[in-house]
Amino acid sequence: MESVSGTPFGVVHLDVAPVTSGLAIGALVAGIASVLVSLLVICFGVAFKNDGGAWASGAFAALGVLAGGAAIVIGLLGRRQIRRPTAPSAVQFTGRGLAMAGVSCGAAGALLSLLGLALALLLTLT
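The rules behind each value
Counting from 1, residues in each chain are numbered in the order their sequence is written. Totals for whole chains, interfaces and linings use every residue, but because this is a predicted model, local features are given only for residues with pLDDT of at least 70 and side-chain atom pairs only at 80 or more, for both listing and counting. Water and hydrogen atoms were dropped before computing side-chain values, which therefore reflect all heavy atoms in the structure. Numbering goes from the N terminus for both helices and strands, where a helix is a DSSP run of H or I of at least four residues and a strand is a run of E of at least two. Working rule for helices: expected span equals 1.5 Å times residues minus one. Note on exposure labels: buried denotes an accessible area under 20% of the residue type's maximum, exposed denotes more than 50%, and partly exposed covers the range between, all computed with a 1.4 Å probe on protein chains only. Throughout, a contact is declared for two residues whenever any of their heavy atoms are within 4.5 Å. Here a polar contact means two N or O atoms within 3.5 Å. Within protein one must be a hydrogen donor candidate and the other an acceptor candidate, and residues neighboring in sequence count only if both atoms are side-chain atoms. Axis definition: a line fit to C-alpha positions, over the contact stretch in the case of helices; interaxial angles, taken between N-to-C directions, run 0 to 180 degrees. An angle below 35 degrees is read as roughly parallel, one above 145 as roughly antiparallel, one from 65 to 115 as roughly perpendicular, and any other as oblique. Should the near helix be turned counterclockwise from the far one by less than a right angle, the crossing is left-handed, whereas a clockwise turn marks it as right-handed. Polarity classes work like this: nonpolar for Ala, Val, Leu, Ile, Met, Phe, Trp, Tyr, Cys and Pro, charged for Asp, Glu, Lys and Arg, and polar for all others, with Gly in that last group.

Enquirer: What is the right way to read helix 1 (residues 22–47) from this model?
Expert: Along an α-helix, residues three or four positions apart point the same way, because every turn accommodates 3.6 residues. With 26 residues, helix 1 should cover 38 Å at 1.5 Å per step; its first-to-last C-alpha distance of 37 Å lies within 8% of that length. Among the residues making up helix 1, those that are buried are A24, A27, A30, G31, S34, V37, S38, V41 and G45. Along its buried surface, helix 1 packs onto helix 2 (53–83) and helix 3 (96–125). Its side-chain oxygen placed 3.3 Å from the backbone nitrogen of L23, S21 serves as the N-cap of helix 1.

Shown next, in the form of structure tokens:
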């Protein structure tokens, strides 16, 4: 503890432990959900190609693309939150890798959903 000159008082700097960004965690969860939904799109499109599988694939594809887009946006916001400079006594956020994984999984899930829908429509039309 350092004393302030001319006074009997001291100055204490408390260390604040870093916190994992909630946005980064949310991006990863949404990205993984997008990939899992894209697998449903492919499964419904292939398994029920003669029984309206394209309709089910279309509904799940919309969900997969929305979840993937949300993961990308939330992941980029999380990266911005983590990059932001803070004062020494403020909370420092971590989780850059989680945010990037969320962005990657979200993009892959959205792309797989669209490809699965295209496959379902192709199988239905042939």
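Now, onward.
Enquirer: Looking at this structure, I do not really get the environment of L125. What am I missing?
Expert: Looking at where L125 falls in the secondary structure, it is placed in helix 3. Expressed as a C-alpha distance, the spacing of L125 and W55, which sit 70 residues apart in the sequence, is 13 Å.

Enquirer: Explain the packing of helix 1 against helix 2 here, please?
Expert: In helix packing, the relevant descriptors are the interaxial angle and the interaxial distance, both defined with respect to the helix axes. Orientation of helix 1 relative to helix 2, taken along the N-to-C sense of each, is 160°, at an axis distance of 7 Å. When the interaxial angle is binned, helix 1 and helix 2 end up roughly antiparallel. Helix 1 and helix 2 meet at a crossing whose hand is left-handed. Considered class by class, the residues forming the contact of helix 1 with helix 2 number 17 nonpolar, eleven polar and no charged.

The analysis is restricted to geometry; functional conclusions fall outside its scope.
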